[in-house]
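Commentary on secondary and tertiary structure
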Amino acid sequence: MGIGSKWYRKSLLTVAGIPLVEKLSTSYGKRLARRFIAGETLDEALNEVEALNRLGIMATLDHLGEGIRRLDEAAAYRDQYVKLIEGIAERKVRSNVSLKPTQMGLALNPAVCYSNIRDVVKQARGRRNFVRIDMENTPYTQATLDLVRRLHKEGLTNVGTVLQAYLFRTAQDAPGLLREGVNLRLVKGAYKESEDVAFQKTSEIKDSFKGIIKLHLERGAYTAVATHDDEIINWVKTYVRTKGIPKRAFEFQMLYGLRMNVQARLAKEGYRIRCYVPYGVMWYPYFTRRLAEKPANLMMVLKHMSALKR
Ligand SMILES: Cc1cc2nc3c(=O)[nH]c(=O)nc-3n(C[C@H](O)[C@H](O)[C@H](O)COP(=O)(O)OP(=O)(O)OC[C@H]3O[C@@H](n4cnc5c(N)ncnc54)[C@H](O)[C@@H]3O)c2cc1C
């Protein structure tokens, strides 16, 4: 059962908001989420990144937090990201950063959000680093693309974003962003979206995914293919081999805690591979999205839970 299992995804994404479910999850909290989260502090996360780097795996660090309620929270996250960029530079680890626009205040005040993200991107530019703006659900798609384009127009080109293959609009968004030289991570899409705006069938999502990957690789745009799906990974490997596209022209990306053996193997095979490493205390929404994506993830956690009870 993959992303196409509508019932599974819908049920988990729905129960995720129920207080009792939240309570149960938080009571097992840290220990369960630890499978997908690198720790609560910056130091813990940087230790994990060092270990990944030793295996030839690069990282992108995500200080967890989204859907904030007040702008001072956004300012605090901005400051955390500034510290994170400094931490990466001091420890000399191979990592960039990923952040969520709602964490920086997009839903509350787009102007303040812009200014917060610009501060982070400027800090990263000073340290020759890169900022990835994660893509959230459709209320924020246009605003996120606008924000990234505006930063590029200001000369801040060390920032990129994400395109979700499940959205119909991605076929129109991709060519323009490519022309403008925006660095993109390509994904299937993680949120519950309606059939008015998004493909629902696994086969359609995969076709759309392959279509945008192909477009990027053909145009020679450095891109990130973020997936754990063997079919897509093998398809990319074959495609680049037949077209003579060098391995350094793109990277694979996977999430921390998922398929770590595959990540290490790709590094050994000479592919660029980057692990998305979340850390921090606000792990709950991230954790439930991971469980909603795949029954295997839930099973893994349930097994862990029974081990904890013993
Ligand atoms: C680095 C990264 C960043 C992301 N950023 C965003 C973002 O900004 N916005 C967004 O909406 N989404 C994001 N996503 C999530 C993405 O959209 C998908 O929801 C998620 O990656 C699940 O799709 P998948 O292609 O990995 O594989 P799935 O569709 O979950 O699985 C397909 C197949 O892959 C194989 N597989 C997958 N996982 C496993 C496993 N654990 N063990 C064994 N086999 C497995 C199985 O064969 C499975 O049938 C990101 C994902 C990654 C990896």
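About the thresholds
- Residues numbered from 1 in each chain as written.
- Predicted model: local features only at pLDDT ≥ 70, side-chain atom pairs only at ≥ 80, totals over all residues.
- Heavy atoms only, no water.
- Helix = DSSP H or I, 4+ residues; strand = E, 2+ residues; numbered from the N terminus.
- Buried < 20%, exposed > 50% of the residue type's maximum accessible area, 1.4 Å probe, protein only.
- Contact = heavy atoms within 4.5 Å.
- Areas by Shrake-Rupley, 256 points an atom, 1.4 Å probe, with all protein chains shown as cover.
- Axes fitted to C-alpha atoms, helices over the stretch in contact; angles between N-to-C directions.
- Parallel < 35°, antiparallel > 145°, perpendicular 65-115°, else oblique.
- Salt bridge = Lys/Arg side-chain N within 4 Å of Asp/Glu carboxyl O.
- Phe/Tyr/Trp six-rings, centres within 6.5 Å; stacked < 30°, edge-to-face > 60°.
- Lys NZ or Arg CZ within 6 Å of the ring centre and 35° of its normal.

The next subject is the overall build of the protein. Along the protein, the regular secondary structure elements total 12 helices and 8 strands. Taken across its 310 residues, the protein has 52% of its residues classed as buried. Once local pairs closer than 6 in sequence are excluded, the contacts in the protein between residues at least 24 apart make up 72%. Approximately 14400 Å² of the protein is accessible, and the part contributed by carbon and sulfur atoms is 53%.

Let's shift gears to the environment of Tyr 191. Take Tyr 191: it is sitting in the loop between strand S5 (184-187) and helix H8 (202-218). Sequence-wise, Tyr 191 and Met 135 are 56 residues apart; in three dimensions their C-alpha atoms are separated by 9.8 Å.

At a minimum axis separation of 9 Å, helix H4 (residues 71-91) and helix H5 (residues 110-126) run at an interaxial angle of 10 degrees. Classified by the interaxial angle, the pair formed by H4 and H5 is roughly parallel. For the pair H4 and H5, contact is made by Leu 71, Ala 74, Ala 75, Arg 78, Tyr 81, Val 82, Ile 85 and Glu 86 and by Val 112, Asn 116, Asp 119, Val 120, Gln 123 and Ala 124, respectively.

Moving on, we get to unusual backbone geometry. The phi dihedral of Arg 128 is positive, around 50 degrees, even though this residue is not glycine. Residue placement: Arg 128 occurs in the loop between H5 and strand S3 (131-133). For Arg 128, a relative accessible area of 82% translates into the label exposed. Although it is not a glycine, Arg 259 adopts a positive phi angle of roughly 50 degrees. Looking at where Arg 259 falls in the secondary structure, it is placed in the loop between strand S7 (250-255) and helix H10 (260-268).

All right, on to the pattern of salt bridges then. The final tally for this structure, using the stated rule, is 19 salt bridges. One salt bridge in this structure joins Arg 91 and Asp 43, with 3.3 Å as the shortest N-O distance. One end of the pair, Arg 91, is in helix H4; the other, Asp 43, is in helix H3 (residues 42-54), and 48 residues separate them in sequence. Here Glu 269 makes a salt bridge to Lys 237, at a shortest N to O gap of 2.8 Å. Of this pair, Glu 269 sits in the loop between H10 and strand S8 (273-279) while Lys 237 is found in helix H9 (residues 230-243), placing the two residues 32 residues apart along the sequence. By relative accessible area, Glu 269 is classed as partly exposed at 32%. What you see here is one network of salt bridges that share partners, running through Lys 188, Lys 206, Lys 210, Asp 229 and Glu 231.

Let's shift gears to the packing of aromatic side chains. This model, assessed by the stated rule, comprises 9 aromatic pairs. Ring geometry for Trp 235 against Tyr 239: centres 5.3 Å apart, planes inclined by 15 degrees, an arrangement best described as stacked. Placement of the pair is Trp 235 and Tyr 239 together in helix H9, with a separation of 4 residues, close to one helical turn. By relative accessible area, Trp 235 is classed as partly exposed at 23%. Measuring from ring centre to ring centre gives 5.5 Å for Trp 283 and Phe 287, while their planes differ by 75 degrees; the resulting arrangement is edge-to-face. The buried category is assigned to Trp 283, whose relative accessible area is 8%. Residue classification places Phe 287 among the buried positions, given a relative accessible area of 2%. These aromatic residues form a ring-pair network of at least three members: Phe 36, Trp 283, Tyr 284 and Phe 287. For Arg 150, the ring lying beneath its charged end belongs to Tyr 114, and the centroid distance is 3.6 Å. Directly above the ring of Tyr 271 sits Lys 247, whose terminal nitrogen or CZ lies 4.6 Å from the centroid.

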